[in-house]
Amino acid sequence: MAIRVNFAGASLTKPGSYSNLTVGQAGVAIPAVGTVAIIGEADGGIPFSEEAGLSKVSFGPDEKSAVKEKFVDGPLVDAYNLVIQASKDRQITGGAQEVLLLKTNRSTRASLNVMKDSMTVYATLTDKVGGAKGNNIYYACENNGTTATITITPADGVGKPKTIGNTPVMKITGPGMSSLTITDTAFTVSGASAFSIPFSEAPTIAALVEKINTKTGFGATAADKMSSKLVDRLDRVSNVSLSSSEFTVKQDAWEFRDLFSVEFPKIQVSQSVKSGLPPTATKKNFEGGAKGGTLSSDVQNCLDELLKRRVNFVVPLFSRDSMLDASEGATDPSSSYSIDAIHAATTSHVMLASTTKGRKERQAWVGYKGTFDDSAAKAGAIGNHRVSMCIQDVQIGSTMHRPHMLAVAAAGMHAAAAIGLSTTFKSVNILGFAHQDFDPETQAEKAIEANLTFVETSPSGAPRFVLDNNTYGADADAWIYNRPSVIYAGDFASYLIRLSTEQFVGQRNSDVSPESIKNLLVTVFDSLRSLGVIVADALTGGKGYKDLSVKINGSIVSVDVTLALVENYEFILNDIKVQRAG
């Protein structure tokens, strides 16, 4: 039966090590750190709903080409390029070390039917990348009766003519009144001396030739360098008459398929006719590719999937309702999402993941584009210590991006920073910023009081974050709730303690004593202190922790400890007195 343990407001039944960090008299589950997950649209690629799991959308900081190849262009690509190099500050190098890119918009793939004749489809060519750009792929063919020259013009390149066909694979002779049929699964002779050879019994040309040559009246030879090849390359034929004159089986249709596999790997081939070459066709473009729209439910589905693994920050690439984005061409007209719904879903997500039971703690950065008063109201509606809101458009290269890109930069800087180091007064990798009615030079205090995250121009002229802020505004004295960097440090400490002590789960109490658990924890705290996550202050006797106890009650190990968690200086108060020189 289930044994239930009540801890930190949760009823636990699954064995494991669980964490709870308390501040003063108020306790809160403080989560651990991970990587940066970005949810948004892209010009190419399949939506995340069609991906085979999160591992397929995980990228390191050195995979720009892979991201570009998969998603082509658009918000996800822009966000990736920024999050891996988010900082321009000497104290923070680079950006995120792992990025999950979850595409929301449901792109369709452009395709083209290659016709055998007016009624028969020879093959269907489909752009694997997806999106409207695929409509700019062109196909042409020139068939001279023996070979065919195929020209594919990619959407981002020039035509590449390739000639295929007229390559023999094997030759066969047989008695009169017999005919040959080759299907996907068998080599069959009907009429005189009928027989059938399943390809499962003769997977190579050599094996097939050997079996044919055991049949009375039949003879077969493999063409040069073909013996070791698989029988799948044989052209399919139906009721071809055999006689003493040799019949040559070619690989024309296979060469068509292989051409795309080797030369045009971004185009998928679905071949309906597996014999012969395609006929002559004038240059024609693919059709049906579209960027596709995003629904609020698409964002929710991505958030739900992210509950399956640890990340440290989540950033949705949306700053307005879909109607406003569509009016400027920033999303497809078929999109239907609400920024309020996305903010609410993101907030619920980070809180659910960060519960004692969730054990996949994280924070989120979101964007909002609107008036200052509207932005303040949106931040107030979120009002959560795990969600920060950015409100300014930012310039990257020659392009202005909406506020969610500043959120990407903030997440990337936190992912790259030393644990617990804030982004306050840290330079960010953007060229400029703008807002319709907010000026950080004159309204900074107002924005801070509204719990907004924003940048200003530093004395050196570089854009920098003014304050490592979040949308929490309930209690200014609850210091750990008010700064993402402190939550980040608490997350890491909590996770490291839990990860380290979980090795004792499933061990016998006769083998593991409370003292051995305590000794391990001392080692963990030493590591946290060396990393600067906890502070060797006077109140803890220079250790960074105090009041450590380990108690055993049957199968339950209870650990109690107080940590001196790292903070960042925000105010330097210089009380300067002057006097007249004597």
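Keep in mind that what you see is a predicted model, and the values were worked out from it rather than measured. (Residues numbered from 1 in each chain as written. Predicted model: local features only at pLDDT ≥ 70, side-chain atom pairs only at ≥ 80, totals over all residues. Heavy atoms only, no water.)

## Section: the overall build of the chain
Next, step 1: Along the chain, the regular secondary structure elements total 13 helices and 31 strands.
Next, step 2: For 582 residues, the compact-globule formula gives about 25 Å, and the C-alpha radius of gyration of the chain, at 33 Å, lies well above that figure.
Next, step 3: Along the three orthogonal principal directions, the C-alpha set of the chain runs to about 120 × 65 × 45 Å.
Next, step 4: Per-residue burial over the chain gives 49% buried out of 582 residues.
Next, step 5: Residue pairs in contact within the chain that sit at least 24 positions apart in sequence constitute 67% of those at least 6 positions apart.
Next, step 6: Surface accessibility of the chain: about 27,000 Å² in total, with carbon and sulfur atoms responsible for 50%.
Next, step 7: Within the chain, one finds 55 positive and 59 negative side-chain charges whose respective centroids are separated by 5 Å. (Helix = DSSP H or I, 4+ residues; strand = E, 2+ residues; numbered from the N terminus. Rg over C-alpha atoms; globule rule 2.2 N^0.38 Å. Buried < 20%, exposed > 50% of the residue type's maximum accessible area, 1.4 Å probe, protein only. Contact = heavy atoms within 4.5 Å. Areas by Shrake-Rupley, 256 points an atom, 1.4 Å probe, with all protein chains shown as cover. Lys, Arg positive; Asp, Glu negative; His and termini not counted. Charge placed at Lys NZ, Arg CZ, Asp CG, Glu CD.)

## Thoughts on the sheet that holds strand β26 (residues 399–401)
Next, step 1: One open sheet holds the three strands; their spatial order is β26-β25-β27, and the pairing between them is antiparallel. A strand with exactly one partner marks an edge of an open sheet, and here the two such strands are β26 and β27 (432–434). Between one strand axis and the next, the sheet turns through 30° on average, direction left out of account.
Next, step 2: Bridge count between strand β25 (residues 393–396) and β26: three bridges; the pairing is antiparallel. Among the inter-strand pairings, Q395 is bridged to a residue of β26, identified as M400. (Pairing = 2+ DSSP bridges. Axes fitted to C-alpha atoms, helices over the stretch in contact; angles between N-to-C directions.)

## Brief notes about the environment of N470
Next, step 1: One can find N470 in the loop between β29 (463–465) and α11 (479–482).
Next, step 2: Along the primary structure N470 and N451 are separated by 19 residues, whereas in three dimensions their C-alpha atoms are 5.8 Å apart.
Next, step 3: Once you skip the residues sitting within four places of it in the chain, N470 turns out to touch N384, H385, V387, S388, N451, Y481, N482, R483, P484 and I487.
Next, step 4: From its side chain, N470 meets the backbone oxygen of H385 in a polar contact 3.1 Å long.
Next, step 5: Looking at N470, its side chain comes within polar contact range of the main-chain oxygen of Y481, at 2.9 Å. (Polar contact = N/O pair within 3.5 Å; in protein donor to acceptor, adjacent residues only side chain to side chain.)

## Some points on the pairing of strand β31 (residues 556–563)
Next, step 1: Here seven bridges tie strand β30 (residues 545–553) to β31, and the two strands are oriented antiparallel to one another. Within β31, the position partnered with Y545 by the bridge is L563.
Next, step 2: Hairpin geometry of β30 and β31 is characterised by an intervening segment of two residues between the two adjacent antiparallel strands and by a positive phi of about 65° at G554.

## Some details on the pattern of salt bridges
Next, step 1: Per the stated rule, a full pass over the model turns up 28 salt bridges.
Next, step 2: The salt bridge partner of D393 is K369, with a shortest N-O separation of 2.5 Å. One end of the pair, D393, is in strand β25; the other, K369, is in the loop between β23 (363–367) and α8 (372–382), with 24 residues separating them in the sequence.
Next, step 3: A relative accessible area of 26% places K369 in the partly exposed class.
Next, step 4: Two residues, R483 and E570, come together in a salt bridge whose shortest N-O distance is 2.5 Å. Within this pair, whereas R483 is found in the loop between α11 and α12 (484–501), its partner E570 is found in the segment after β31, the two being separated by 87 residues in sequence.
Next, step 5: Overall, E570 belongs to the partly exposed group, its relative accessible area being 31%.
Next, step 6: A network of salt bridges, in which partner residues are shared, links D184, D232, R236, R257 and K274. (Salt bridge = Lys/Arg side-chain N within 4 Å of Asp/Glu carboxyl O.)

## Remarks on a nonpolar patch on the surface
Next, step 1: Taken together, the side chains of I552, V557 and V559 define a hydrophobic patch exposed on the protein surface, amounting to about 210 Å² of accessible area.
Next, step 2: Its place among the elements puts I552 in strand β30. (Patch = residues over 30% accessible without salt bridge, like charges linked within 9 Å, V, L, I, M, F, W, Y side chains within 5 Å.)

## Observations regarding the nonpolar core
Next, step 1: If you look at the biggest cluster of nonpolar residues, it comprises 65 residues, and the most contacted ones within it are I38, L101, V408, F525 and L528.
Next, step 2: Among residues more than four places away in sequence, those in contact with F525 are I497, I534, Y545, L548, V561 and L563.
Next, step 3: In this structure, A37, V299, A379 and V387 belong to the second largest nonpolar core, which totals 35 residues. (Core = buried A, V, L, I, M, F, W, Y, C linked by side-chain atoms within 4.5 Å.)

## With respect to the sheet that holds strand β21 (residues 281–285)
Next, step 1: Taken together, the four strands give an open sheet; going across it, the order is β12-β11-β10-β21, and neighbouring strands pair in antiparallel fashion. The sheet is open, and its two borders are formed by β12 (160–164) and β21, each paired with just one other strand. For this sheet, the mean inter-axis angle between neighbouring strands, taken without regard to orientation, is 15°.
Next, step 2: Here strand β10 (residues 138–143) pairs with strand β11 (residues 148–153) via six bridges, running antiparallel. For Y138, the partnering residue across the bridge sits in β11 and is T153.

## Quick notes on the environment of K360
Next, step 1: In this structure, K360 sits in the loop between α7 (339–353) and β23.
Next, step 2: Once residues within four sequence positions are removed from consideration, K360 is found in contact with L307, K308, R309, R310, A353 and S354.

## A word on the packing of aromatic side chains
Next, step 1: A full pass over the atoms with the stated rule returns 13 aromatic pairs.
Next, step 2: Considering the side-chain rings of F438 and F454, the 5.3 Å spacing of their centres and the 85° angle between planes classify their relative orientation as edge-to-face. Residue F438 is found in the loop between β27 and α10 (440–449), and its partner F454 is found in the loop between α10 and β28 (455–457); the two are separated by 16 residues along the sequence. With respect to burial, F438 and F454 carry one shared label: buried.
Next, step 3: Members of the aromatic cluster, connected to one another through ring pairs, are Y122, F256, F260 and F264. (Phe/Tyr/Trp six-rings, centres within 6.5 Å; stacked < 30°, edge-to-face > 60°.)

## Structural notes on unusual backbone geometry
Most peptide bonds take the trans form, and the phi angle of most residues other than glycine is negative.
Next, step 1: At N239, a residue that is not glycine, the phi angle is positive and equals roughly 55°.
Next, step 2: Along the polypeptide, N239 turns up in strand β18 (residues 237–242).

## A look at helix α4 (residues 252–263)
Next, step 1: Here α4 contains twelve residues, and its C-alpha end-to-end distance of 16 Å stays within 8% of the 16 Å for a straight helix at 1.5 Å per residue.
Next, step 2: What α4 keeps buried is the set D252, A253, W254, E255, F256, R257, L259 and F260.
Next, step 3: Lining the buried residues of α4 we find β9 (121–127), β10, β11, β12, β19 (247–250) and β20 (267–271). (Expected span 1.5 Å × (residues − 1).)

Any link to function would need more than the numbers given here.
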